[in-house]
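# Results of the structural survey
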Amino acid sequence: MSADETRWLDEEEHEAWIALASTVVRLPAALDAQLQRDAGISHFEYQVLAGLSMEPTWTLRMSTLAEFADGSLSRLSHTAKRLEKEGWIYRTPDPEDGRFTLAVLTDAGWDKVVETAPGHVAEVRRLVFDPLTRAQQKQLREIGRRINNAIAPDGFCPGVTKG
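Quick look at the structure, then. Bear in mind that the values here come from a model prediction, so they are computed numbers and not experimental data. (Residues numbered from 1 in each chain as written. Predicted model: local features only at pLDDT ≥ 70, side-chain atom pairs only at ≥ 80, totals over all residues. Heavy atoms only, no water.)

### Points about a nonpolar patch on the surface
- Taken together, the side chains of Leu-9, Trp-17, Ile-18, Leu-20, Val-24, Val-25, Ile-143, Ile-147 and Ile-151 make up a nonpolar region of the molecular surface, amounting to roughly 870 Å² of accessible area.
- Those elements giving two or more residues to the nonpolar patch turn out to be helix H1 (11-39) and helix H6 (134-151).
- Counting residues per element, the nonpolar patch draws most heavily on H1, which supplies five residues.
- Position of Trp-17 among the secondary structure elements: in helix H1.
- The partly exposed category is assigned to Trp-17, whose relative accessible area is 47%. (Patch = residues over 30% accessible without salt bridge, like charges linked within 9 Å, V, L, I, M, F, W, Y side chains within 5 Å. Areas by Shrake-Rupley, 256 points an atom, 1.4 Å probe, with all protein chains shown as cover. Salt bridge = Lys/Arg side-chain N within 4 Å of Asp/Glu carboxyl O. Helix = DSSP H or I, 4+ residues; strand = E, 2+ residues; numbered from the N terminus. Buried < 20%, exposed > 50% of the residue type's maximum accessible area, 1.4 Å probe, protein only.)

Listed below in structure tokens is the structure:
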């Protein structure tokens, strides 16, 4: 596409883009800082533990868990190593298909999630939900769904449904 064909952002679009781009960078950093300070874990580590805790069996295939946590399988493998050293998860071959590895939350991992979740939720509420009205929260949900569906129309995004 040449410069002559480019659909440049108008002033309102540009301002919206700058606000979103700043949020995309600053929000994860703020959540990471809170979790590091209060629980000694990163936001990604928390997502891994929380993802497992939401499963009835506390078990997921590593590939599914990587998608849920929005990370690569390689990143998840490195993180899983650390979480295993802490005794919060363990990995085991999938008995249904040995080509896959399962991540399993331990009782100690469950305790870590239970201990960490209130502070994390309070920070999410403070940074994301408290500044917004109920109507804006609904708009945010719809905006997030639409952007995530544009990014990965057939891909997995936590909490994102088509529509």
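### Some points on the side chain of Gln-34
- Relative to the elements of secondary structure, Gln-34 occurs in helix H1.
- Using a relative accessible area of 2% as the deciding quantity, one classes Gln-34 as buried.
- If we ignore the near neighbours within four places in the chain, the residues touching Gln-34 are Ala-39, Gly-119, His-120 and Glu-123. (Contact = heavy atoms within 4.5 Å.)

### Some thoughts on H1
- In this model, H1 (29 residues) spans 41 Å end to end at C-alpha, consistent with the 42 Å of a helix rising 1.5 Å per residue.
- For H1, the principal kink sits at Thr-23 and spans about 25°.
- Looking at H1, one finds that the buried residues are Leu-31, Gln-34, Leu-35 and Ala-39.
- Among the structural elements, helix H2 (43-53) and helix H5 (107-129) are those in contact with the buried residues of H1.
- Capping of H1 at its N-terminal end is provided by Asp-10; its side-chain oxygen lies 3.1 Å from the backbone amide nitrogen of Glu-12. (Expected span 1.5 Å × (residues − 1). Bend = angle between axes of the 7 residues up to and from the residue. Polar contact = N/O pair within 3.5 Å; in protein donor to acceptor, adjacent residues only side chain to side chain.)

### Brief notes about the packing of aromatic side chains
- Under the counting rule described, the total for this entry stands at one aromatic pair.
- Positioned above the aromatic ring of Phe-100, the side-chain terminus of Arg-61 is 3.8 Å from the ring centre.
- Positioned above the aromatic ring of Phe-44, the side-chain terminus of Arg-75 is 3.9 Å from the ring centre. (Phe/Tyr/Trp six-rings, centres within 6.5 Å; stacked < 30°, edge-to-face > 60°. Lys NZ or Arg CZ within 6 Å of the ring centre and 35° of its normal.)

### A few points about the packing of H2 against H5
- Their axes nearest at 10 Å, the elements H2 and H5 cross at an angle of 120°. In terms of crossing hand, the pair formed by H2 and H5 is left-handed. Between H2 and H5, the contacting residues are His-43, Tyr-46, Leu-49, Ala-50 and Ser-53 on the first element and Trp-110, Lys-112, Val-113, Thr-116, Ala-117 and His-120 on the second. (Axes fitted to C-alpha atoms, helices over the stretch in contact; angles between N-to-C directions. Left-handed = near helix turned anticlockwise from the far one by under 90°.)

### Describing the sheet that holds strand E1 (residues 59-61)
- Ordered in space as E1-E3-E2, the three strands form an open sheet in which the pairing is antiparallel. Each of the sheet's edge strands pairs with one partner strand only, and the pair in question is E1 and strand E2 (89-93). Each neighbouring strand pair of the sheet contributes to a mean axis angle of 25°, computed without reference to strand direction.
- Packed onto the sheet, H2 meets E1, E2 and strand E3 (101-105) and runs at close to 85° relative to E3. (Pairing = 2+ DSSP bridges.)

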